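# Reading the structure
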Amino acid sequence: MPKYVYRFSEGDKDQKDLLGGKGANLAEMTRLGLPVPPGFTITTDACRAYLADGTVPDELAVQVTTALREVEEELGRELGAPEDPLLVSVRSGAKFSMPGMMETVLNIGLNDKSVLGLAEVSSDARFAWDSYRRLIQMFGKTVLDVDGDHFSERLDAKKAEHGVSLDYELDVDALKELVAEYKAVVLEHAGIEFPQDPRAQLDMATEAVFRSWNTERAHIYRRREKIPHDLGTAVNVCTMVFGNMGETSGTGVCFTRDPSSGRTGVYGDYLVNAQGEDVVAGIRNTLSLADLKTLDRTSYDELRSAMRRLETHYRDLCDIEFTIERGKLWLLQTRVGKRTAAAAFRVATQLVDEKLITMDEALTRVTGDQLTQLMFPQFEYTGDREVLTRAMPASPGAAVGHIAFDNAEAIARTEAGESVILVRRETNPDDLPGMVVAAGVLTARGGKTSHAAVVARGMGKTCVCGADQLEVDAAARTVRVAGREDLVLTSEDVIAIDGQTGEVFLGEVPVSDSPVMTYLRRGLEEALDVAGNVDTRELVTSVDRLMRHADKVRRLQVRANADTPDDARHAIHRGAEGVGLCRTEHMFLGKRKQLVQNLILASNEEERENALAALLPLQKGDFIQMFETMNGRPMTVRLIDPPLHEFLPDLTELSVKVALDRERGTLDPADEELLAVVRRSHEANPMLGLRGVRLLLTMPGLIELQVRAIAEAAVERLKAGGDPHPEIMIPLVGSVRELQIARERVEAVLRKVSGESGYKLDFPIGCMIELPRAAVSADTIAEEADFFSFGTNDLTQTTWGFSRDDVESVFFKEYLDYGVFGVSPFETVDERGVGRMVRLGVEHGRATKPDLKMGVCGEHGGDPESIDFFHRMGLSYVSCSPFRVPVARLEAGRSAIFYPESEEA
Ligand code: PEP
Ligand code: MG
């Protein structure tokens, strides 16, 4: 017979799967001898059996009887007996806490007879009848599905009838009337009498908790929190104790340290003569624990000793719910307490200093997401700020500045020392320079995965997007706000955007810098120098200690994706050990686009040579700067990747221009020629078209141009005493033959420049693994590669067979709702699909070359969960945006502790 019921004295804290979080912790407290009211837990197994069959398993009723009788014997009272009745609460408690999602029924055991008994033993008839009406209300709502409004309407009417405004001002007679009316509500809306049999109440409430696992809101919550749907919930049946039995009773919540700042010292709230729900409802002002000390020294001392005991036992900050019933302390719940990001870091190192945990454990107590939160500036709260609109919080932080409508304005004004917010209808790659200098970005269109959002997150720049209440007219340089005809914003106006909430404010809002960011940029000493108070100093010291420990234990190296010297510098300051991806396409854009067009349009060898010759010094200059910045550190340079058309004018725009010019007789033959080329190179699916290695192999001179620029730049640096370490990477390889040809051409140029300069240039040559064909044939590709870098962005697109730009804003929301993905596969690597491709690539690559160096440079390289996966795959490094480098360092350290044995060869 499966064991479905555990007395609190039978379980322990490690049985969360079976007993749920609350049940396991109640059992643990009971084992520790702490004052927990007697009770028992019905397991998640029972819930799962119920959900599978639609009926309560037969054995359950029998086991509940046994456990209940044991509790009754222990207390010398019986459930719902007419004299001195035992009352119980029935609460849900899943493995993971799901606040407010599932059901609770208190005061089970009360009926028309036992209410009299309770009145008698408590000498408080008002209390007894109030408890009974609460039971009928809660039971009616959660067990019998009666609309809660029916009860609140009766309650309001009763208060009005008796001329009182608060629930507890109703007297016994009023409460008796209310009980009768509530029973009538139940009969009318549920079609049955309110059950008088205490055991029937208990069984029905248990079943209701089981059912509540599958409500719509519980499903939505679990999807958002990534909690599996098949866990089920446990049910805790616990003897009722009452905090509302007069002035020597009360209820409270306490924490063993301050969960908001992380300060040492206990912290809590207490409410005299109240039940738990009154604390949450915030009707009356709560007292502090210090007040409790003066009110009831005995209970206070007992509580303090229980807090210390629990913190030592759990070796972490605990929160505790307690009730004092006529001077007797009871603990109703404990758990390792939720805390802010700052508190997480501080508490972790405090516990190390108190020798309760080791540094390794401390690292497991903080997360990359918490570090991210600490890296953004925040608005200081001021009451009088004017909200213009609310939109999508796309990238966190707080930014204030004048409105700038385009790159030129953003750049000019920041150079003049102003702070600006770049405000666009939407952004595209041309807006990059403006985004780089702006304090923040606000767009009227697009969601969390729009260009603005993705790029801003990568840069760590505050961004609010999809503010569709705003009408941005870049030509007229105005912003209008829907419903505010009086208001026309211009470049003269200052706005503030909050990347955590999506709020857009009109006017200045004060911002405070992130001390953690100061630390990451300028080191501990400077951060301590500017820290305003002890809290800040302790916080940055804790972050520093944990970061240094992560660096010590991690096996994954952390590199950055950086295309410019500025990015590279930022990355180094934040601890990057190299550049894992230098995209070179920007070296062909902007003013240079014309030179690329000359190359594409070249009709003979001479024209082509001229176009290439014009590009060479520019690109060489770029590489010299990058090598100088990265001196001594590796830098993976990826040869050009994007589709050809990105360097050409837009087909529609050019067609219109040519048509109009032709009509007017002003047609330039060069435009006509250009249009022909644009038409020829137009692709239906550019993402799957002429790009990457395909473009490199078919466009004469391109590889040679790029490799010569790299090689000559390296020579310059060597001559100047520098230490350049380029690694040349070929994108979008699918076949070993592609890599072989590319490699031969790269080597030929390196040999040539080597001969010309007298310097030895044997840079590693490798490729990206970003196509399924590359992953499955990685054994052959490895023959030609000195290294692999997994491009998980394209690998995600090509494994799923969808293009990010086309699908994210179109159907991802539905797919997340359907549970096709728990989280976007572009955010966290999809282990079962794309992850298997990575695994194949790793295994096949190593089969050919056991020491093949492998890293990842897709956006997943900065995502905490994905980093864990890459660690387990035994990769050598992750490469991510400079902003996320510290997060990657921390997460790589955590992974090394969680998985000391990775699959590294
Ligand atoms: C990738 O595909 O993962 C990658 C890094 O390349 P890009 O995002 O530039 O296509
Ligand atoms: Mg790619």
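The structure displayed is predicted, hence computed values, not measured ones.

Right, let's talk about the overall build of the chain for a bit. When its secondary structure is counted, the chain shows 36 helices and 31 strands. Along the longest, intermediate and shortest principal axes, the C-alpha atoms of the chain span 105 × 65 × 60 Å. Out of the 905 residues in the chain, the part that is buried amounts to 53%. Counting only contacts in the chain whose residues sit at least 6 apart along the sequence, the fraction spanning at least 24 positions is 68%. For the chain, the computed accessible surface area is about 38800 Å², with 49% contributed by carbon and sulfur atoms.

In the first shell of the magnesium ion (ligand 2), the protein supplies E770 (OE) and D794 (OD), at 2.0 to 2.1 Å from the metal. Here D794 lies in helix α32 (residues 792-800) and E770 lies in the loop between β28 (765-769) and α30 (772-776), a separation of 24 residues in the sequence. When sorted by exposure, E770 lands in the same class as D794, which is buried.

To continue, consider unusual backbone geometry. Look at R477: it is not a glycine, yet its phi comes out positive at around 55 degrees. Overall, the relative accessible area of 29% leaves R477 in the partly exposed class. Backbone geometry places L732, a non-glycine residue, at a positive phi of 60 degrees. Relative to the assigned elements, L732 resides in the loop between β27 (725-730) and α29 (736-757).

Moving on, we come to the pattern of salt bridges. For the coordinates displayed, the defined rule picks out 69 salt bridges. For D45, the salt bridge goes to R48, with nearest N and O atoms at 2.4 Å. Of the two residues, D45 and R48 are both situated in helix α2 (residues 44-53); the distance of 3 residues between them amounts to about one turn of the helix. The salt bridge partner of D130 is R133, with a shortest N-O separation of 3.0 Å. Of this pair, D130 and R133 both sit in helix α5 (residues 125-143), separated by 3 residues, roughly a single helical turn. Using a relative accessible area of 6% as the deciding quantity, one classes D130 as buried.

Strand order in the open sheet made by the 8 strands is β12-β22-β21-β14-β15-β16-β17-β13, with mixed pairing throughout. In the strand order of this sheet, the two ends are held by β12 (386-390) and β13 (392-395), each with one partner. Averaged over all pairs of adjacent strands, the angle between their axes in this sheet comes to 30 degrees, without regard to strand direction. One ladder, built from 3 bridges, connects strand β14 (residues 398-404) with strand β15 (residues 420-424); its direction is parallel. Looking at β15, one finds that I403 is bridged to I421.

In any sheet, the strands associate via hydrogen bonds between backbone groups, in a parallel or an antiparallel arrangement. Read across the open sheet, the 3 strands follow the order β18-β19-β20; overall the sheet is antiparallel. At either end of the open sheet lies a strand with only one pairing partner, and these are β18 (470-473) and β20 (488-489). For β18 and strand β19 (residues 478-481), the ladder comprises 4 bridges, and the chain directions are antiparallel. When the sheet's bridge partners are listed, E471 is paired in β19 with R480.

Tallying each qualifying case throughout the model produces 0 disulfides. Free cysteine: C254, not disulfide-bonded; nearest cysteine sulfur from C318 at 9.6 Å. Looking at C254, the relative accessible area reads 0%, which means it is buried.

Among the residues of helix α4 (residues 114-122), those classed as buried are S114, V115, G117, L118, A119 and S122. Buried positions along α4 lie against α5. Phi turns positive one or two residues past the end of α4, at S123, with a value near 50 degrees.

Taken together, 13 residues sit near ligand 1, with R583, R638, G791, N793 and D794 positioned nearest. Taking E770, its side chain carries an N or O atom lying 2.9 Å from an oxygen atom of ligand 1. A distance of 3.1 Å separates an oxygen atom of ligand 1 from a polar backbone atom of T792. Within the complex, 89% of the 290 Å² of free accessible area of ligand 1 lies under protein. Mapped by element, the contributors of at least two residues to the shell around ligand 1 are β25 (579-583) and α32. Sorting elements by how many residues they give to the shell around ligand 1 places α32 first, with 3 residues.

Overall, the coordinates contain 2 cavities of 30 Å³ or more when judged by the stated rule. Taken as a whole, the largest cavity encloses approximately 40 Å³ of empty space. Lining the largest cavity are F588, V596, L599, I640, L644, F647, L695, M699 and L702. Across the lining of the largest cavity, the residue classes tally to 9 nonpolar, no polar and no charged. As a volume, the second largest cavity reaches approximately 30 Å³. A class-by-class count of the residues in the lining of the second largest cavity yields 4 nonpolar, 1 polar and 3 charged.

Cut-offs used in this document
- Residues numbered from 1 in each chain as written.
- Chains lettered and ligands numbered in written order.
- Predicted model: local features only at pLDDT ≥ 70, side-chain atom pairs only at ≥ 80, totals over all residues.
- Heavy atoms only, no water.
- Helix = DSSP H or I, 4+ residues; strand = E, 2+ residues; numbered from the N terminus.
- Buried < 20%, exposed > 50% of the residue type's maximum accessible area, 1.4 Å probe, protein only.
- Contact = heavy atoms within 4.5 Å.
- Areas by Shrake-Rupley, 256 points an atom, 1.4 Å probe, with all protein chains shown as cover.
- Donors = N, O, S within 2.8 Å, 3.2 Å for Na, K, Ca; no water.
- Salt bridge = Lys/Arg side-chain N within 4 Å of Asp/Glu carboxyl O.
- Pairing = 2+ DSSP bridges.
- Axes fitted to C-alpha atoms, helices over the stretch in contact; angles between N-to-C directions.
- Disulfide = S-S within 2.5 Å.
- Near = heavy atom within 4 Å.
- Polar contact = N/O pair within 3.5 Å; in protein donor to acceptor, adjacent residues only side chain to side chain.
- 1 Å grid on protein atoms, 1.4 Å probe; cavity = no way out; pocket = protein on both sides within 12 Å on 5 of 7 lines; lining within 4 Å.
- Points joined across faces, edges and corners; volume = space filled by probe spheres on them.
- Nonpolar A, V, L, I, M, F, W, Y, C, P; charged D, E, K, R; others polar.

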